[in-house]
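# Close look at the chain arrangement
Here's the letter readout for the chains.
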Amino acid sequence: MDKRFPLADQISMLGSMIRGRVITPSAPDYEALRLVAMAQFDDRRPLAIVRVANPADVATALNFAQASDLPLAIRAGGHSTGGYGVADGGLVIDLRDLNAIDVDAANRTVWAGAGATAGDVTRAIEQHGLIVGFGDSGDVGIAGLTLGGGIGYFARSFGLTIDSLLAVEIVTASGDILIADAANHPDLFWAVRGGGGNFGVVTRLQYRLHSLPEFVGGPLVLPPVPEVIAGFARLAAEAPEELTTIAMLMPLPPAPFIPAEAQGQLAFVAMMAFAGPLDAANKALAPFRALATPLADLVGPAPASSLYMLDPPPEARGMASVRSRFTGNFGLDDARAMVNAARACTAPMSMSQIRVLGGAAGRVPGDATAFAHRNSRFMVSFLAMYGGGPDIVEAQERWVSDSVAAVAPVSNGVYVNFLGNGEARGVASAYPADTLARLRDIKRRYDPANLFRLNTNILPA
Ligand SMILES: Cc1cc2nc3c(=O)[nH]c(=O)nc-3n(C[C@H](O)[C@H](O)[C@H](O)COP(=O)(O)OP(=O)(O)OC[C@H]3O[C@@H](n4cnc5c(N)ncnc54)[C@H](O)[C@@H]3O)c2cc1C
């Protein structure tokens with residue numbers, strides 16, 4: 001970069017140096033492309049969005065970011081709860097065009113571009129009777145999700161997303177394009193499995209796929225009663241490992257499968273995911289169905305991608321507040337606190353969520369990856385979605401933070417991908433001290449100047 005020229009000229013020169021495109025505020029699609037999933041970050045206006053076409057473009061953009069000293073954001077699926085996918089007055093490396101999905105069904109692997117979403121990859125592999133678990137939303141980017149760990153519908157059956165990660169292609173701060181896997185740069189491979197976007201820009205991810213010839217899943221909607229919720233959590237923790245659940249107290253959405261008179265009413269919507277045949281699923285599901293007369297039971301043979309049914313339509317885009325904690329217990333008192341919290345929420349949509357962990361995710365040793373919360377049995381999360389001004393944001397931030405403290409007063413740490421916007425505890429709550437020390441050491445080797453700092457930032461040792 002030649003600093004004799006004005007910054008605007010340098011940005012336009014960057015455009016001529018890459019295969020992809022540089023989008024500046026005067027471009028007709030700038031306003032749409034700068035937006036991320038959550039509307040509270042809509043006031044952030046990057047100087048340029050670098051829509052990269054290959055890893056070499058990423059290396060060129062990184063070189064430019066370092067020379068210009070502009071704030072740098074990395075954007076894949078745009079669903080960061082901290083708004084890290086957009087930098088006000090800075091540069092955004094936008095990976096959405098790196099979305100190729102290359103399935104090797106015979107060897108049960110897939111290489112997927114970092115711009116692909118969970119829904120894109122799930123739909124591409126399930127037609128081969130194969131699966132890799134992502135999260136509960138098809139719109140979330142595989143890259144951001146995987147780099148934090150990936151806790152979803154197959155956590156108990158096949159582990160976290162990182163437990164199926166075989167390799168990443170990554171562009172480091174120095175512009176090197178590396179493959180990191182168990183044999184090559186194993187320290188870097190360890191760090192990207194939970195350490196987030198601190199170590200480089202991942203351009204492709206390779207996953208081991210699991211055989212899923214039969215799958216049974218869908219929502220079991222139960223009454224929002226503390227005894228039912230506590231019973232559910234106990235059963236889910238004791239269930240066969242083929243069964244993973246993500247259950248939430250929420251107002252019933254205006255979905256076609258919900259009767260009009262029930263829409264907006266609070267209910268316990270338990271998303272059930274059984275990785276196996278129908279008869280075994282029905283056996284495992286029987287005690288859950290016996291907890292109370294279901295308000296709706298839509299659990300049956302289905303494609304795994306159908307579990308993304310709760311994704312909001314694009315027109316429902318709004319602001320969101322989130323808080324989350326790992327916890328060792330979830331009993332009747334916790335269920336009562338959760339029901340009280342859900343009833344007190346003033347946002348038009350909220351989710352008070354319980355994820356039951358263990359199974360394959362729990363068997364991986366705590367130091368095998370940078371995600372160290374392997375012993376936690378539960379993760380509770382509160383999410384409020386709303387529109388409005390700063391007073392509303394403040395009220396909803398208070399709701400999520402009071403709710404999580406009431407339900408899980410003793411925290412076993414926080415999932416890095418669910419850290420709320422502005423949550424002060426940051427890295428110290430996301431990583432135990434020995435994990436953090438190891439991450440900081442690896443950061444020092446791969447990003448000593450902390451180029452990648454718009455994230456849950458790990459400082460170089
Ligand atoms: C509605 C919703 C549902 C969710 N559900 C789940 C869930 O069920 N399970 C779960 O585990 N998580 C879940 N999450 C959290 C989600 O995993 C994180 O927010 C994740 O960071 C989003 O990734 P992204 O690529 O969409 O976001 P982005 O905003 O594009 O990226 C987030 C950050 O990750 C880093 N990053 C992303 N891509 C790269 C890359 N290629 N190279 C280097 N760094 C990168 C960067 O720091 C970036 O700023 C959910 C989030 C939302 C909003």
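Since this is a predicted model, take the numbers as computed values, not measurements.

## A look at the pairing of strand 18 (residues 349-356)
Of all 8 residues in strand 18, 8 are buried, a share of seventy percent or more. Side chains Met-349, Met-351, Gln-353 and Arg-355 project from strand 18 onto one buried face, and the interleaved Ser-350, Ser-352, Ile-354 and Val-356 project onto a second face that is buried too. Where strand 13 (residues 243-251) meets strand 18, 4 bridges bridge the pair, whose relative direction is antiparallel. Considered in strand 18, the bridge of Ala-247 is made with Ile-354. Note that strand 18 and strand 19 (residues 378-386) share 8 bridges and pair antiparallel. Following the sheet pairing, Ser-352 is matched in strand 19 by Phe-382.

## As for the packing of helix 10 (residues 332-344) against helix 12 (residues 390-407)
Where helix 10 contacts helix 12, the axes come no closer than 8 Å and their chain directions differ by 165 degrees. In terms of their interaxial angle, helix 10 and helix 12 are classed as roughly antiparallel. Relative to helix 12, the crossing made by helix 10 is right-handed. For the pair formed by helix 10 and helix 12, the contact residues are Asp-334, Ala-337, Met-338, Ala-341, Ala-342 and Ala-344 on the first element and Trp-399, Ser-403, Ala-406 and Val-407 on the second. Here the residues of the contact of helix 10 with helix 12 sort into 8 nonpolar, 1 polar and 1 charged.

## Considerations on the sheet that holds strand 10 (residues 201-208)
One open sheet holds the 5 strands; their spatial order is 5-6-10-8-9, and the pairing between them is antiparallel. Two strands in the sheet have a free side with no partner beyond their single neighbour: strand 5 (101-104) and strand 9 (177-181). This sheet shows a mean twist of 15 degrees between the axes of neighbouring strands, independent of strand direction. Inspection of the sheet shows strand 8 (residues 165-171) paired to strand 9 by 5 bridges, in the antiparallel sense. Pairing of Val-171 across the sheet is with Ile-177, part of strand 9. With respect to the sheet, helix 4 (residues 118-126) is in contact with strand 5 and strand 6 (109-113), its orientation differing from that of strand 5 by roughly 30 degrees.

## Some details on the sheet that holds strand 2 (residues 48-51)
Strand order in the open sheet formed by 4 strands is 1-2-4-3, and the pairing between neighbours is mixed. Of all strands in the sheet, those bounded by a partner on one side alone are strand 1 (21-23) and strand 3 (72-75). Here the strands of the sheet are splayed against their neighbours by 20 degrees on average, with no regard to which way each runs. Judged from the 3 bridges that link them, strand 1 and strand 2 form a sheet pairing that is antiparallel. In the strand pairing of strand 2, Ile-23 is matched with Ile-49. Against the sheet, helix 3 (residues 55-68) makes contact with strand 2, strand 3 and strand 4 (91-94), and its axis sits at roughly 170 degrees relative to strand 4, the strand it touches most.

## A short note on the nonpolar core
Formed by 67 residues in total, the largest nonpolar core has its most connected members in Leu-62, Leu-95, Phe-134 and Leu-205. In terms of residue count, the dominant contributor to this core is helix 3 (6 residues). Setting aside its immediate chain neighbours within four residues, Leu-62 contacts Leu-72, Ile-93, Val-171, Thr-172, Val-201, Leu-451 and Phe-452. Grouped together as the second largest cluster of nonpolar side chains are 48 residues, Phe-232, Ala-239, Leu-243 and Leu-285 included.

## Examining the packing of helix 8 (residues 226-238) against helix 10
Here helix 8 crosses helix 10 at 125 degrees, and the two axes come no closer than 8 Å. Relative to helix 10, the element helix 8 is oriented oblique. Handedness of the helix 8/helix 10 crossing: right-handed. Only Leu-332, Ala-335, Arg-336 and Val-339 of helix 10 make contact with helix 8, whose side of the interface consists of Pro-226, Glu-227, Ile-229 and Ala-230. A class-by-class count of the residues in the contact of helix 8 with helix 10 yields 6 nonpolar, no polar and 2 charged.

## Digging into the site of the ligand
Lining the immediate environment of the ligand, one finds 34 residues, of which Ala-76, Gly-78, Asp-136, Val-202 and Tyr-415 sit closest. Within the contact set of the ligand, an oxygen atom lies 2.9 Å away from a backbone nitrogen or oxygen of Gly-77. For the ligand, a nitrogen atom lies 2.8 Å from a polar atom in the backbone of Val-202. Against a free-state accessible area of 950 Å², the protein chains account for coverage of 92% of the ligand. Among the elements that line the shell around the ligand, the one with the most residues is helix 5 (residues 142-148), at 4 residues.

Each value, and the rule that gives it
Residues numbered from 1 in each chain as written. Predicted model: local features only at pLDDT ≥ 70, side-chain atom pairs only at ≥ 80, totals over all residues. Heavy atoms only, no water. Buried < 20%, exposed > 50% of the residue type's maximum accessible area, 1.4 Å probe, protein only. Helix = DSSP H or I, 4+ residues; strand = E, 2+ residues; numbered from the N terminus. Pairing = 2+ DSSP bridges. Axes fitted to C-alpha atoms, helices over the stretch in contact; angles between N-to-C directions. Parallel < 35°, antiparallel > 145°, perpendicular 65-115°, else oblique. Left-handed = near helix turned anticlockwise from the far one by under 90°. Contact = heavy atoms within 4.5 Å. Nonpolar A, V, L, I, M, F, W, Y, C, P; charged D, E, K, R; others polar. Core = buried A, V, L, I, M, F, W, Y, C linked by side-chain atoms within 4.5 Å. Near = heavy atom within 4 Å. Polar contact = N/O pair within 3.5 Å; in protein donor to acceptor, adjacent residues only side chain to side chain. Areas by Shrake-Rupley, 256 points an atom, 1.4 Å probe, with all protein chains shown as cover.

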